[in-house]
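The lines below spell out each chain.
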Amino acid sequence: MSKEPLVLITNDDGVEAEGIRELIKSLSGLGELVVFAPDSPRSGMSSAITATIPITCTLLRREAKLTVYSCTGTPVDCVKLAVSEILDRQPDLLVSGANHGGNQAVCVHYSGTMGAVIEGCILGIPSLGVSLADYTPESDFSETCRLGRVVAGQMLKEGLPRGTYLNLNVPNLPRVKGIASCRQADGRWIREFCRTENPEGKPYYWLAGEFMNLDSAGTDHDIQRLSEGYASLVPGRIDVTDCAFLETLKQWDLRI
């Protein structure tokens, strides 16, 4: 008899965050769920790993078809440790989130949520990031997690090409218009720090900033789709080679 799908769940907001609690409830019934998440928030970790100190994990609870661990490491540490040391088989699916805040456009490069997704993809696991594109404390994760289950269920059915992962962002609406498959927008952060001074007059800086959309190549990108009331679903790849420019690069005179 074949086993039920094994679904690994992680995040970067910490194992007790509201987003992951809602995601666990939403994914219930898809298979055997194993949660392996940081013991406290690790936002902005990208693909960071812990290399100079040991990490530990703690079993928090075990229920029918649900096991929950916390880990002292980063989101990527969580994926690595779970797959290599804790689980008795390769997960059929990895879902990271639901993140409290969007991971659209270039945010994918900073996000611990997406760092875990990329690591899962490297390990050959079909992997999905789920994010609520809203930072307010009263954010409602129900629609985000409902759509996360829709995409996760389809991934279990269809699979993904090796080296490809998915990034789902959902606007903070009671009901979205649909899920729009699209590309990642072009943009960057500006005015990234807020400067202040301590009582001795020494300056220090808080991370702040605002996102500037630089995309002029049409509208079929995640920022536009989110603004229109759709959830955005962007496929990403581990191989970041610029294949188009590679042909030009081969023509450079690089003799040494």
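Here, the structure is the one placed above.
Residues numbered from 1 in each chain as written. Predicted model: local features only at pLDDT ≥ 70, side-chain atom pairs only at ≥ 80, totals over all residues. Heavy atoms only, no water.

## Remarks on the packing of helix α2 (residues 75-86) against helix α3 (residues 112-122)
Relative orientation and spacing of two packed helices are given, respectively, by the angle between their axes and the distance between those axes.
Reasoning step 1: In the contact formed by α2 and α3, the axes pass within 7 Å of each other and the chain directions differ by 30°. Of the possible angle classes, the one that applies to α2 and α3 is roughly parallel. When the axes of α2 and α3 are compared, the crossing they make is right-handed. Contacts from P75, V76, V79 and K80 in α2 reach G112, G115, A116, E119 and G120 in α3. (Axes fitted to C-alpha atoms, helices over the stretch in contact; angles between N-to-C directions. Helix = DSSP H or I, 4+ residues; strand = E, 2+ residues; numbered from the N terminus. Parallel < 35°, antiparallel > 145°, perpendicular 65-115°, else oblique. Left-handed = near helix turned anticlockwise from the far one by under 90°. Contact = heavy atoms within 4.5 Å.)

## Some words on the pattern of salt bridges
Reasoning step 1: Summed over the entire model, instances satisfying the criterion amount to 15 salt bridges.
Reasoning step 2: Among the salt bridges present, the one from R89 reaches E32, with a minimum N-O distance of 3.5 Å. You can see R89 sitting in the loop between α2 and β5 (93-100) and its partner E32 sitting in strand β2 (residues 32-38), a full 57 residues away along the chain.
Reasoning step 3: Overall, the relative accessible area of 31% leaves E32 in the partly exposed class.
Reasoning step 4: A salt bridge links D92 to R89, with the shortest nitrogen-to-oxygen separation between them at 3.6 Å.
Reasoning step 5: According to the relative accessible area criterion, D92 is partly exposed, its value standing at 34%.
Reasoning step 6: Given a relative accessible area of 21%, R89 falls into the partly exposed group.
Reasoning step 7: Put simply, E32, R89 and D92 are held in one network by salt bridges that share partners. (Salt bridge = Lys/Arg side-chain N within 4 Å of Asp/Glu carboxyl O. Buried < 20%, exposed > 50% of the residue type's maximum accessible area, 1.4 Å probe, protein only.)

## With respect to the layout of surface pockets
Reasoning step 1: There is about 490 Å³ of room inside the largest pocket.
Reasoning step 2: If you trace the largest pocket, you find 18 residues lining it, with G44, Y110, Y135, W189 and L207 closest to the centre.
Reasoning step 3: For the lining of the largest pocket, a count of residues per class yields 6 nonpolar, 9 polar and 3 charged.
Reasoning step 4: If you trace the second largest pocket, you find 20 residues lining it, with H109, Y165, Q184, G236 and R237 closest to the centre.
Reasoning step 5: Listed by contribution, the elements that provide at least two residues to the lining of the second largest pocket are α3, β7 (164-170) and β13 (231-237).
Reasoning step 6: Counting residues per element, the lining of the second largest pocket draws most heavily on β13, at 4 residues.
Reasoning step 7: Tallied by class, the residues present in the lining of the second largest pocket amount to 8 nonpolar, 9 polar and 3 charged. (1 Å grid on protein atoms, 1.4 Å probe; cavity = no way out; pocket = protein on both sides within 12 Å on 5 of 7 lines; lining within 4 Å. Points joined across faces, edges and corners; volume = space filled by probe spheres on them. Nonpolar A, V, L, I, M, F, W, Y, C, P; charged D, E, K, R; others polar.)

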